[in-house]
Amino acid sequence: MARPRSGALILGALAALTCLGLAVQHPLAPALLVGALCLCMGGAAWRPWTIGGLLAMLLPVASLAPSTGWWLIDEFDLLVLAVLAGAHARSGFEAFSGRAASSSSAETQVQDRVWVGLLVALGASALLSLFIGLRDAGVSARSVAAGWASGDGWLRALHADYASAFNPLRVSKSLLWALLLYPVLRRVPVERQREMARFTLAGLLCGLAWVCVLVLWERGRYVGVLNFSDSYRTVASFWEMHVGGGAIDAYLAMAVPLAFWAVWLAPGGWRWACAAVLAVLGTYAVLTTYSRGLYLAVTVSLMVMAIVARRCQIQPASGGRRRGWALRVLVFALLAEAVWVLGGHSFMTGRLAQSETDLVDRVAHWQSGLGLLRTPADWVLGLGAGRLPAHYSTRVPDGEFPGQAHWRRDAAGAGQVVLSGPPTRQEAAYDFGLTQRIPLAPQGHYRVRIRYETDAPVVLLLSVCERHLLYDFRCQWKHVRPEAAVTDAAQWHDIPLSGQVFSDASRAVSWRDGMFALTVLSTGHAARIHAAELLDPQGVQILKNTDFSAGLRHWFPAAQSSFKPWHMDNLYLEILVERGLLGWLVLGLLAAWAWHCVAQGLKAGDPLALALAGSLSAMGVLGLVISVTELPRIAFMLLLILLTTSHFRRIPQYSRDVTERQKGVSAVFSDGRPSRAQPPGPLQEKEV
């Protein structure tokens with residue numbers, strides 16, 4: 001026992017030190033963040049079975065990437081480290097004090113061993129894929145030592161990009177967090193297992209509420225809550241979409257089915273009202289993504305849940321005639337919402353009309369990605385974790401990045417950014433820029449002061465726009481077209497911007513975010529930016545880290561429409577390309593075993609299994625058109641749902657107990673207290 005005890009304590013201590021060490025370097029509010037993380041550590045140590053719910057609830061808001069400039073890690077990683085520190089510390093102290101978790105049955109122990117075996121295989125596959133990815137990126141012990149010896153290793157890693165040697169580490173961290181989390185979940189006492197699963201689902205519902213509020217706030221400021229004709233697709237706070245992808249689509253696919261599950265099972269009163277409101281707002285969020293794949297995924301998941309609930313006789317909560325009328329009103333509201341968004345001259349009407357063309361383009365994209373696998377070793381082992389962007393952008397015709405931003409030090413040791421445009425495609429020149437969030441002044445024009453060098457005449461675009469992430473609204477800008485190469489790095493260029501004044505058209509518009517952007521428009525060329533300042537109409541300099549001495553802190557490279565190099569847009573194909581048939585098989589076995597555990601829960605009539613079946617089926621469908629392995633937060637959430645299904649390995653213990661079956665539905669929403677209005681199920685009728 002000494003080794004497991006000391007191992008848990010050591011792991012908890014390492015997680016705590018890493019978490020707090022990173023938190024004190026936070027660019028915005030390090031003291032506040034340290035305090036919040038300490039509270040999370042304490043909460044995880046006090047109630048380790050609640051950590052799944054805490055992570056699911058805070059995931060949509062635990063990233064401030066556009067303001068911090070962090071790329072390799074974000075606030076969600078610190079949150080995961082904090083809860084791991086608290087939970088593993090508690091496990092270690094309990095082992096030392098002689099308090100162990102309740103023993104489980106022989107059947108449960110066998111299923112535990114299956115889970116452990118699958119996760120060991122997953123860990124081995126992840127390490128192999130990481131090793132292949134690092135080797136493919138040219139990482140060696142000598143290069144690592146040289147990078148860290150220069151003193152810039154951490155800054156290079158923290159502010160790297162998707163083609164760098166650090167991307168394999170970035171995309172592999174979600175698997176690492178899941179593997180470190182499973183021992184905590186496994187050590188939760190038997191009597192707390194069901195409560196742990198309930199907290200995770202409740203956390204997803206709370207996270208969905210966060211997303212709905214952010215969606216309303218975003219659309220209210222930029223296009224209007226009821227405007228469905230403009231081509232504005234919601235992103236909320238899923239900043240991973242600065243290079244495209246479907247982060248918000250995947251989160252909604254996992255969470256929205258739970259809102260309808262809550263409507264089905266919640267007792268009357270305020271619980272049902274909250275569930276109904278969340279279903280309406282969640283549907284609104286889904287509709288305003290204008291994602292055809294997400295529409296299909298949510299529809300399929302609801303159909304699966306309805307069929308399964310009927311076949312497994314998972315009955316809705318009883319509420320009499322009043323509940324029936326409330327359900328009719330809810331259905332009418334959902335249908336009206338869908339018709340309003342999809343009908344008439346809405347933006348989605350045009351997208352639906354282009355479905356056939358988009359599908360042909362998507363298939364060609366998949367074929368280009370699969371074409372990267374050229375040898376038997378590539379097919380078996382893959383290109384390596386996180387290596388798809390680097391290979392796609394260099395080996396696929398017209399698959400290049402629209403631009404890149406690399407931080408480094410010049411010969412004098414000062415920081416600089418090498419900002420490049422697209423290698424060959426002039427039509428992609430406006431699709432990438434180095435950005436920083438700023439407050440917008442309502443009157444007057446901005447001025448830019450910049451020091452830079454070029455090896456040839458390079459066209460720059462300097463702009464200040466109303467922008468949340470992907471779409472520009474009112475802008476001030478200036479094209480800088482020098483007639484010759486700029487060679488004097490010490491010379492400041494003072495450039496006034498022209499364009500629309502950011503006057504207060506309305507209160508909502510006045511709350512829009514501002515974004516300053518530097519863009520290179522010349523193909524095949526780059527500019528070395530040594531410093532950049534932005535002066536507001538009153539002459540006050542408002543940019544942070546103007547000389548790039550702290551890397552890309554506060555700066556955020558972002559694309560706007562050319563997204564193909566970064567994604568395969570198919571979960572199953574992206575796993576195959578990066579991790580090979582071996583990694584595909586391991587993850588497939590893990591998913592199959594999770595579905596087996598869900599099926600056990602459904603056979604026992606457990607309503608929690610119905611919820612997880614809805615989330616997993618939605619992600620299974622969405623994975624046909626969306627990839628999530630390059631989105632660490634979302635990939636972790638999917639893995640957490642898969643691990644939550646391990647709760648059903650204990651189903652055989654209580655499925656034979658009619659009393660537990662009676663408590664099944666009501667315990668989800670009433671803290672274990674059965675509802676008197678709940679009608680008896682088939683087993684109860686038989687016993688009576």
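As a convention, each chain's residues are numbered from 1 in the sequence order in which they are written. Totals for whole chains, interfaces and linings use all residues, but because this is a predicted model, local features are given only for residues with pLDDT of at least 70 and pairs of side-chain atoms are given and counted only at 80 or more. Heavy atoms from the whole structure form the basis of all side-chain values; hydrogens and water molecules are not counted.

Caption draft 1: Highlighting the overall build of the protein chain. For the protein chain, the helix and strand inventory stands at 25 helices and 11 strands. Accessible area is worked out with a 1.4 Å probe on protein chains only. A residue is then buried under 20% of its type maximum, exposed over 50%, and partly exposed in between. Counting the 688 residues in the protein chain, one finds 54% classified as buried. The contacts in the protein chain between residues at least 6 apart in sequence include a share of 80% that link residues at least 24 apart. When the accessible area of the protein chain is evaluated, it comes to approximately 28,600 Å², of which 63% is carbon and sulfur surface. Put simply, DSSP H or I for four residues or longer makes a helix, DSSP E for two residues or longer makes a strand, and each gets a number counted from the N terminus. Any two residues having at least one pair of non-hydrogen atoms within 4.5 Å are treated as being in contact. Each accessible area value is a Shrake-Rupley result obtained with a 1.4 Å probe; residue values ignore everything except the protein chains displayed when judging cover.

Caption draft 2: Molecular detail of the pattern of salt bridges. The rule for a salt bridge is simple: a side-chain nitrogen of Lys or Arg has to be within 4 Å of a carboxyl oxygen of Asp or Glu. Overall, the coordinates contain 17 salt bridges when judged by the stated rule. Across the pair glutamate 453 and arginine 528 runs a salt bridge whose closest N-O atoms are separated by 3.9 Å. Separated by 75 residues along the polypeptide, glutamate 453 in strand 4 (residues 447-454) and arginine 528 in strand 10 (residues 526-535) bring together distant segments of the chain. The same class applies to glutamate 453 and to arginine 528, which are both buried. Glutamate 466 is paired through a salt bridge with arginine 474; the nearest N and O atoms lie 2.6 Å apart. An identical accessibility class is assigned to glutamate 466 and arginine 474; each is buried.

Caption draft 3: Here's a closer look at the packing of helix 10 (residues 190-222) against helix 22 (residues 632-644). Angles run from 0 to 180 degrees between N-to-C directions of axes, and those axes are lines fitted to C-alpha atoms, restricted for helices to the stretch in contact. Their axes nearest at 10 Å, the elements helix 10 and helix 22 cross at an angle of 150 degrees. Taken together, the axis directions place helix 10 and helix 22 in an arrangement best described as roughly antiparallel. Note that helix 10 runs across helix 22; the crossing there is left-handed. Contact with helix 10, carried on its side by Ala197, Thr200 and Leu204, involves Met637, Leu640, Ile641 and Thr644 of helix 22 and no other residues of that element. Gly is placed with the polar residues, together with every amino acid not listed as nonpolar (Ala, Val, Leu, Ile, Met, Phe, Trp, Tyr, Cys and Pro) or charged (Asp, Glu, Lys and Arg). Looking at the contact of helix 10 with helix 22, its residues break down into 5 nonpolar, 2 polar and no charged. Here the word oblique covers every angle except those under 35 degrees (roughly parallel), over 145 (roughly antiparallel) and from 65 to 115 (roughly perpendicular). Take the far helix as your reference; a near helix turned counterclockwise from it by less than a right angle gives a left-handed crossing, and one turned clockwise gives a right-handed crossing.

Caption draft 4: Focus on the state of the cysteines. When two cysteine sulfur atoms are found within 2.5 Å, that pair is recorded as a disulfide. Per the stated rule, a full pass over the model turns up 1 disulfide. With its sulfur 2.0 Å from that of its partner, cysteine 465 forms a disulfide with cysteine 475. Classification of the bridge connecting cysteine 465 and cysteine 475 rests on its S-S torsion, roughly 115 degrees, and on that basis the disulfide is right-handed. Pair noted here: cysteine 465 is in strand 5 (residues 460-467) and cysteine 475 is in strand 6 (residues 472-480), with a separation of 10 residues, a long-range link.

Caption draft 5: Fine view of the pairing of strand 9 (residues 514-520). With 7 of 7 residues buried, strand 9 lies mostly within the body of the structure. When DSSP locates at least two bridges between a pair of strands, those strands are taken to pair. For strand 3 (residues 432-438) and strand 9, the ladder comprises 5 bridges, and the chain directions are antiparallel. Each bridged residue has a counterpart across the sheet, and for leucine 434 the counterpart in strand 9 is leucine 518. Pairing of strand 5 with strand 9 involves 7 bridges; the strand directions are antiparallel.

Caption draft 6: How the structure looks around the nonpolar core. Among the nonpolar cores identified, the biggest contains 176 residues, and Phe238, Trp261 and Ile634 are the most heavily contacted of them. When neighbours within four sequence positions are excluded, phenylalanine 238 is seen to be in contact with Leu59, Pro60, Val211, Ala247, Ile248, Tyr251, Leu469, Arg633 and Ile634. Take the buried Ala, Val, Leu, Ile, Met, Phe, Trp, Tyr and Cys residues and link them wherever side-chain atoms come within 4.5 Å; each set so joined is a nonpolar core. By size, the runner-up hydrophobic cluster in this structure holds 11 residues, among which are Trp366, Tyr392, Leu573 and Val577.

Caption draft 7: Region of the structure containing the sheet that holds strand 10. Taken in spatial order, the 5 strands make up an open sheet running 1-2-10-4-7, and their pairing is antiparallel. Looking at the sheet topology across the chains shown, the edges are occupied by strand 1 (404-409) and strand 7 (493-496). Sheet twist, expressed as the average angle between the axes of neighbouring strands with direction ignored, equals 40 degrees. Looking at chain direction, strand 4 and strand 7 are connected through 4 bridges and run antiparallel.

Caption draft 8: How the structure looks around the packing of helix 20 (residues 571-603) against helix 21 (residues 607-622). Two numbers describe how helix 20 lies on helix 21: the axes approach to 10 Å, and their chain directions differ by 155 degrees. Viewed along their axes, helix 20 and helix 21 adopt a mutual orientation that is roughly antiparallel. Both helix 20 and helix 21 take part in a crossing whose hand is left-handed. Of the residues in helix 21, those in contact with Tyr572, Trp595, Val598, Gly601 and Leu602 of helix 20 are Ala609, Leu610, Leu612, Ala613, Leu616, Ser617, Met619 and Gly620. A breakdown of the residues in the contact of helix 20 with helix 21 according to their chemical character gives 10 nonpolar, 3 polar and no charged.

Caption draft 9: Structural view of the sheet that holds strand 8 (residues 498-499). The strand order 8-6-5-9-3-11 describes an open sheet built from 6 strands, whose pairing is antiparallel. Two strands close off the open sheet at either side, each with one partner strand: strand 8 and strand 11 (556-559). Bridge count for strand 5 against strand 6 is 7 bridges, and the pairing is antiparallel. Its bridge partner being in strand 6, leucine 460 is matched across the sheet by valine 480.

Caption draft 10: Local environment of the packing of aromatic side chains. Aromatic pairing here means that ring centres of Phe, Tyr or Trp (its six-membered ring) are within 6.5 Å. Orientation follows from the plane angle: under 30 degrees is stacked, over 60 is edge-to-face, and everything else is tilted. One pass over the structure, following the stated rule, counts 16 aromatic pairs. Between phenylalanine 228 and tryptophan 340, the ring centres sit 6.0 Å apart and the planes meet at 75 degrees, which makes this aromatic pair edge-to-face. With phenylalanine 228 in the loop between helix 10 and helix 11 (247-265) and tryptophan 340 in helix 14 (residues 320-342), this pair connects stretches of sequence that are 112 residues apart. We classify phenylalanine 228 as buried; its relative accessible area is 6%. Pairwise contacts between aromatic rings join Tyr222, Tyr232, Tyr471 and Phe473 into one cluster. Note on geometry: a ring has a charge over it if NZ (lysine) or CZ (arginine) is within 6 Å of the ring centre and within 35 degrees of the ring normal. Above the plane of the ring of tryptophan 325 lies arginine 328, whose end atom (NZ or CZ) is 5.1 Å from the centre. One residue, arginine 451, lies across the ring of tryptophan 492, its end atom 5.2 Å from the ring centre.

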